[in-house]
Amino acid sequence: MRLPPFDYAEPKSLAEALTLKGEHQEAAKVLAGGTEAMVQMKLRLTEPKVVMNIKKIPGMSGLEEKGEEIVIGANTSLKEIAGSGLIKEKAGAVAEAARLVASPTIAAMATMAGNILQNTRCMYYDQSAIVLSGLEKCYKRGGRICLALKGSNRCFSVYQGDIAPALMACGGKVVLEKAGGTRTIPLENLFTGNGVNPLAIASDEILTRVILPKPKGAFASAYRKLRIRGSVDYPLTAAAAFIALTPDQKINAARIVIGAAGPAPRIVEHTLQGKSLHEAELNAVADQAYSLSEGVDNLTMPGAYRRKMVRVFTKRAILGAFQALKGGF
Amino acid sequence: MKPKFLSLTVNDETHQLMVLPNRTLQDVLRDDLHLTGTKDSCGQGACGSCTVLVDGQPTRSCLTLAAAVEGQKITTIEGLAQGDKLHPVQEAFVNLHGIQCGFCSPGMILTAYALLQENPNPTETEIRKAISGNVCRCTGYAKAVEAIKSLAERGVSHG
């Protein structure tokens, strides 16, 4: 598959990259690992004027501890995140999610920010221009219909990132920079919930780092993902859970997030606080997760089945976190 | 779109090329340098047949812009053998029937080579995980895994 024509830029510093992004706005596509951007361009889902490779900018990659926080550079590879002792210890779900992305070669190329900033997917959208030329324009392509759910009044494309639900469960924040300004927002605020424009990042902004808190005491987190093959596939349902316990083994804090069940990862409300694992009504949490999820026939498994699996994977993630806590039972 | 002057180091040889910015490393390797051992299949990074090594790291050449790897050391399957003498990883694949149609072999052998460089004695699970991004429709993977395992067991140097 050929790429569309574009000019290529390799800014030497973040400041230079931000100036370029400010100048060209949407016309400049940020490239780092290439595993998402290159495919989107090959399919002509995006045809930028300039491709801006930020991979070689110094200081944008790597993990570091800063006081009570862990700062992860945007260009840090998923391989590095999956293998980091610090992430395994402080945000196990994030390490698990990184390990489960695509295949090892892709995980070595793909970056943290690229994985977060991926577009929503749908079998009526992620196709080559030739296939799409035979389909009516759906909401995501500027039309007035949804091809996956006939008669619906909105887009049902699915956010299939692995890393974002795990980061959200672990309380992650993202830093968005533009020329002359920086904002730090909780990761959940990066998602609009609208399948057409799923990400609330401005056209002059670049995601430069992710910040994770370092939890204290007894805590653990886990990520579980449904896919057909044991490798390569995007999640068809996913759940991440963070659990912290009090000294008497009651749940002190719990954060549960479901992924691949709608246009954004969603935080599941629950009443687990103050309960032990035996008292915790996991089925109620699973029901809540189910009610937040969408299951439309637009990915490789039937929507109804994917939605049913939200219940199962929510419970698996919570139990996974308890298992990781050891002695938490 | 203007062509860019590029200096690419492939299999220890430096090539000076005029390349349009939208050409992938795969395009340049196959079409300009005629190194057709690097295969073109899915074009989306899923199948692994275009895998080459960039600074020793397995990389999907179909998802890599040629301009982005200037100055880095690129190794294709053609760079593994020494003249007529196959590399031990290639020999193991031949001897243990890890190859049938051969289309996935360059990518899988380079991935196996990089694995053995990083971890000279991998377990079967580690081998299976490492090549899990290299899709093979003939061998059922068992023979390829055996070939890589034979090298791990022999503990040979894969320099």
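Parameters at a glance
Residues numbered from 1 in each chain as written. Chains lettered and ligands numbered in written order. Predicted model: local features only at pLDDT ≥ 70, side-chain atom pairs only at ≥ 80, totals over all residues. Heavy atoms only, no water. Pairing = 2+ DSSP bridges. Helix = DSSP H or I, 4+ residues; strand = E, 2+ residues; numbered from the N terminus. Axes fitted to C-alpha atoms, helices over the stretch in contact; angles between N-to-C directions. Contact = heavy atoms within 4.5 Å. Buried area = accessible area lost by both parts, 1.4 Å probe. Salt bridge = Lys/Arg side-chain N within 4 Å of Asp/Glu carboxyl O. Polar contact = N/O pair within 3.5 Å; in protein donor to acceptor, adjacent residues only side chain to side chain. Buried < 20%, exposed > 50% of the residue type's maximum accessible area, 1.4 Å probe, protein only. 1 Å grid on protein atoms, 1.4 Å probe; cavity = no way out; pocket = protein on both sides within 12 Å on 5 of 7 lines; lining within 4 Å. Points joined across faces, edges and corners; volume = space filled by probe spheres on them. Nonpolar A, V, L, I, M, F, W, Y, C, P; charged D, E, K, R; others polar. pLDDT = per-residue confidence, 0-100.

So, the sheet that holds strand β5 (residues 73-75) of chain B
All names here are of chain B. Pairing is mixed across the open sheet formed by five strands, whose spatial order is β2-β1-β5-β3-β4. At either margin of the open sheet sits one strand with a lone partner, and together these are β2 (13-19) and β4 (57-60). Geometrically, the sheet is characterised by an average inter-axis angle of 40° between neighbouring strands, direction not taken into account. Where strand β3 (residues 51-54) and β5 come together, two bridges link them in antiparallel fashion. Bridge pairing links Leu 53 to Thr 75 in β5. Most of the contacts of helix α1 (residues 25-32) go to β2, to which it runs at about 105°, and overall it touches β1 (4-10), β2, β3 and β5. Each of β3, β4 and β5 is contacted by helix α3 (residues 105-118), which is oriented at about 35° to β3, the strand it contacts most.

With respect to the interface of chain A and chain B
Facing 30 residues of chain A, the contacting portion of chain B comprises 32 residues. For the pair chain A and chain B, the summed buried area comes to about 2300 Å², and 57% of that belongs to carbon and sulfur atoms. Considering only the side of chain A, the residues that lose the most area to chain B are Tyr 8, Thr 105 and Met 109 of chain A, jointly responsible for 21% of the buried surface there. At the junction of chain A and chain B, the tally comes to three salt bridges. Glu 118 of chain B serves as the salt-bridge partner of Lys 79 of chain A, at 3.1 Å between the closest nitrogen and oxygen. The tally of links between chain A and chain B comes to ten residue pairs in polar contact (both at pLDDT 80 or more).

Here's the deal with the side chain of Lys 214 of chain A
All names here are of chain A. Locating Lys 214 in the fold gives a position in the loop between β8 (206-213) and β9 (218-226). With relative accessibility at 18%, the residue Lys 214 sits in the buried group. A distance of 2.6 Å separates polar atoms of two side chains, one belonging to Lys 214 and the other to Glu 65. In this structure Lys 214 touches Glu 65, Gly 67, Glu 68, Glu 69, Ile 70 and Lys 90, once residues within four positions along its chain are discounted.

Focus on empty space enclosed by the protein
Residues and elements named next belong to chain A. Counting across every chain of the model gives one cavity of 30 Å³ or more. Of the voids in this model, the largest cavity is the one considered here, and its volume is about 90 Å³. Forming the walls of the largest cavity are 14 residues, and the residues nearest its centre are Cys 122, Cys 138, Cys 146, Cys 155 and Phe 156. A per-class count over the lining of the largest cavity returns eleven nonpolar, two polar and one charged.

A short note on the confidence of the model for chain B
Overall, the predicted model of chain B reaches an average pLDDT of 95, with 97% of residues at or above 70. Interface confidence in the predicted complex, given as ipTM, is 0.94; pTM for the same model is 0.96.

Re unusual backbone geometry
Notably, Arg 44 of chain A is not glycine yet its phi reads approximately 65°, a positive angle. Since its relative accessible area comes to 30%, Arg 44 of chain A is described here as partly exposed. If you check the backbone angles, His 97 of chain B has positive phi at about 60° while not being a glycine. Along the chain, the position of His 97 of chain B falls in the loop between α2 (88-95) and α3. Note on His 97 of chain B: relative accessible area 53%, which makes it exposed.

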